[in-house]
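Coordinates in review
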Amino acid sequence: MSYFVIRWFADKTRNLILAQPQSLANYLNSDEPAITSTRGQVSVYYHGNMAMTDISNRLPSFITFALEKIRSRGGKWECAWFIILCSTFSLLLFWAYFWLEAHNDYNQFNWLLYNRSGEWKDGTVPILATTAVGFSYITFLMVLALCHISLGQQLNLYWIHKIGVLAALITTVSGVVSISDVWGDEWDIILISLQFTGPFLHIGALAAVTALGWLVAGHVIRAGRTKFHMIVLLVYLSVLLVLYMVPLAITSPCIMDRNSLKPRPDVIGRRGAPMLAPENTLMSFNKALQQGVSSLEADVSVSLDGVPFLMRDRTLRRTTNIAKVFPDKQHEDASLFNWTEIRSLNAGQWFLESDPYWTVGSLTGRERNRMGNLTVCSLVEMLRLTARANRSALLNLQRPPPEHPHYKTWIMDTLWAVQRSGISQKRVTWTPDTDRGRVRGLQQTSLEKLSGEEVRHRGISSLTLRYSQASNKDIQDFLVNNMSVMVYPVNEPWLYSVLWCSGVPSVSSDAPQVLRKVPYPIWLMSPYEYCLVWITSDLVSIAIVTGIFIFQKWRMSGMQNYNPEQIMLSAVTRRPSRDVNIMKEKLIFSEVSNGVTNTDEHLYPENGYDIGQYK
């Protein structure tokens, strides 16, 4: 059956030879032959001698030639689409990696969206869903493309897949541009995360490029020493060499002697435990204390009548029910309400209704009832709880607007609340850089990255820095100068492990319940162990790549010993078994995909060989 299908294909494409003799000349790598057609027979004369009669009988060579003509017409476009597919896959891989590592700051991202739109919602859900779908789809197409290439075939994407690839590419590029505009500082997390994932990404990339050696070896050996394929081989070997040397550029604080590991960093409850209970409430601080935090961090504002209270946002819309109690004043600054009005608001129902961290389901019925009746917490209440628990407090103060009656006395109002709480002043850390001379009894910290000389000049005992501001080198310099460093926000075990290995004394976290489960850095290797892993992986890769090229050479040389034309001719004279048919089809189409490598003796017979004699 396969013979007649191929014969039909030959008959349908016979005009290709008659119309373009120069193409056959290019195929034969020689001068243009003379071609005649008589009674359905196609004869090819080369240098006055008959080279072929009824070319449709020379099926394997003819089909290879015809397919090469088709490929030459669409090959450039298919190559372009393959490049687009690879680019889309690479960009989506980068995009997915970014969002995987940015999980540490999802809360900050949602808060930024809230400040822009005025509505609280989890903006990461649609992004993660579309990324997962797009990456799975493009990965599927990429695997199919590599399978086609491994068989010597073109990509031949359907138009619907081309639209899908372009849609994925445009969507991802738009996402990258939008994040750069809204959340541009977050790109720093990629370089920081490489300190943790770098050694493992190197091994993964080395395994992937080593596996690609099968495709590269097959194409280079099949095509021979053409200029293009030699360039492909050179590029592949260059990439492989770069990957072998990449560990020289990988630096990680987790590559260290175990004896040099510093004590476990203290964990500070940032606004309590905001993933387990509403932020800046007594219930949230109690939850944080249950998780073993060393300190409590809170955001402090001053009410219209001078009472310091805890609130992160400038308004009360997100974390209270002000839209129901004072609908006409819901957009006003939180500090422009008196304490009686603020105390009348519910500060827990929003958490139960929106479930911002998907943790409400883990609450007991008693905790739900208690949460539903929470009110806004005052600074005095929080400090008294801290004193009873024998913990420390870190205060982030927000200055009221200029029209506020306590605009000039807000520092004194806060200090008065600290004294009323009864907590030791040595347990309270003060962050504002203004009026430091008036709060000398408290611990002083700065949110700015200062030099050792500036720290001593301002009388500051510690620095509070975002994790992107504190490199491993900076941390070591601070420790050498006896400066304490607190890093925020640290919500993921991998980031906590990196900072632990760097020697950070304390971190501020929205998820103390997560960091509590990290009793030791996730991974820690000595320099000797890392070098051993590096050299071993390189040697294994070299051995595998060498074996692949040797096997592909042996495989191709074995396939060239078959003459698929003789198999096709025997198919006409006798009825073969099904297994033989399958074997013949494999040989024929392997000849089609691999190219004709042993056809010169058939195309250039010395004595005018005429295949018509076998009819």
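Cut-off values and rules
- Along each chain, numbering runs from 1 in the same order as the chain's sequence is written.
- Two thresholds apply to this predicted model, a pLDDT of at least 70 for residue-level local features and 80 or more for giving and counting side-chain atom pairs, whereas whole-chain, interface and lining totals are computed over all residues.
- Hydrogens and water molecules were not included; the side-chain quantities draw on all heavy atoms of the structure.
- Each residue is assigned to one of three classes by its accessible area relative to the maximum for its type, calculated with a 1.4 Å probe on protein chains only: buried under 20%, partly exposed between the two thresholds, exposed over 50%.
- Working definition: helices are DSSP H or I runs of at least four residues, strands are E runs of at least two. Numbering for both runs from the N terminus.
- In this description, strands pair whenever DSSP reports at least two bridges between them.
- A crossover gets the label right-handed when its path from the first strand over the helix to the second runs clockwise, viewed with the strands pointing away from the viewer.
- Any pair of residues with heavy atoms lying within 4.5 Å of one another is described as a contacting pair.
- By convention a nonpolar core is built from buried Ala, Val, Leu, Ile, Met, Phe, Trp, Tyr and Cys residues, the set being connected through side-chain atoms within 4.5 Å.
- One speaks of a salt bridge when a side-chain nitrogen belonging to Lys or Arg is within 4 Å of a carboxyl oxygen belonging to Asp or Glu.
- Here a helix's expected span is defined as the number of its residues, less one, multiplied by 1.5 Å.
- Think of it this way: Lys and Arg go in the positive column, Asp and Glu in the negative one, and His and the chain ends go nowhere.
- Polar contact is the term for a pair of N or O atoms within 3.5 Å; when the atoms are in protein, one must be able to donate a hydrogen and the other to accept it, and sequence-neighboring residues count only if both atoms are side-chain atoms.

For the protein chain, an unreviewed UniProt entry supplies the name Glycerophosphodiester phosphodiesterase domain containing 5a and the organism Oncorhynchus mykiss.

**Details of the pairing of strand β10 (residues 462-466)**
Burial runs high along β10: five of the five residues are buried. Here β10 shows no split at all, with Ser 462, Thr 464 and Arg 466 on one side and Leu 463 and Leu 465 on the other all buried. Two strands pair when backbone bridges link them, and strand β9 (residues 443-446) and β10 are joined in this way by two bridges, in the parallel orientation. Residue pairing for β10: Thr 445 is matched across the bridge by Ser 462. This β-α-β element, β9 to helix α17 (residues 452-458) to β10, shows right-handed connectivity. Crossover connection from β10 via helix α18 (residues 472-480) to parallel strand β11 (residues 484-488): handedness right-handed.

**Examining the side chain of Arg 466**
For Arg 466, the location among the structural elements is in strand β10. Given the relative accessible area of 13%, Arg 466 is considered buried. When neighbours within four sequence positions are excluded, Arg 466 is seen to be in contact with Asp 105, Gln 108, Glu 186, Val 487, Tyr 488 and Pro 489.

**Describing the environment of Trp 99**
Looking at the element boundaries, Trp 99 is found in helix α4 (residues 59-101). Overall, Trp 99 belongs to the buried group, its relative accessible area being 1%. In this view, Trp 99 contacts Tyr 106, Phe 109, Thr 124, Ile 127, Leu 128, Ile 179 and Trp 183; residues no more than four positions away in its chain are not counted.

**Digging into the nonpolar core**
Counting residues in hydrophobic clusters, the biggest one holds 90 residues, and the most contacted among them are Trp 99 and Met 382. With twelve residues, the next largest nonpolar core counts Ala 277, Phe 351, Met 371 and Leu 374 among its residues.

**Digging into the pattern of salt bridges**
By the definition in use, this model includes 14 salt bridges. The salt bridge involving Glu 529 is made with Arg 258; its shortest N-O contact spans 3.4 Å. On the criterion of sequence distance, the pair formed by Glu 529 in helix α21 (residues 527-559) and Arg 258 in the loop between α9 (227-245) and β4 (266-270) is long-range, its members being 271 residues apart. You can call Glu 529 partly exposed: its relative accessible area is 31%. Residue Glu 381 is joined to Arg 343 by a salt bridge in which the shortest nitrogen-to-oxygen separation is 2.7 Å. Within this pair, whereas Glu 381 is found in helix α15 (residues 379-388), its partner Arg 343 is found in helix α12 (residues 339-343), the two being separated by 38 residues in sequence. For Arg 343, a relative accessible area of 30% translates into the label partly exposed. A cluster of three or more residues bridged by salt bridges with shared partners is formed by Asp 105, Glu 186 and Arg 466.

**Section: helix α7 (residues 159-182)**
Taking 1.5 Å as the rise per residue, α7 with 24 residues should run 34 Å; its terminal C-alpha atoms sit 34 Å apart, in good agreement. Every buried residue of α7 is listed here: Gly 164, Val 165, Ala 168, Thr 172, Gly 175, Val 176 and Ile 179.

**Observations regarding the side chain of Glu 297**
Residue position: Glu 297 is located in strand β5 (residues 295-302). One buried charged residue, Glu 297, remains without a salt bridge, the closest side chain of opposite sign being Arg 270 at 4.1 Å. A distance of 2.6 Å separates the side chain of Glu 297 from the side chain of Asn 396, its partner in a polar contact. With near-sequence residues (within four places) excluded, Glu 297 lies in contact with Ile 268, Gly 269, Arg 270, Arg 271, Gly 272, Asn 280, Phe 285, Leu 394, Asn 396, Met 486 and Ser 508.

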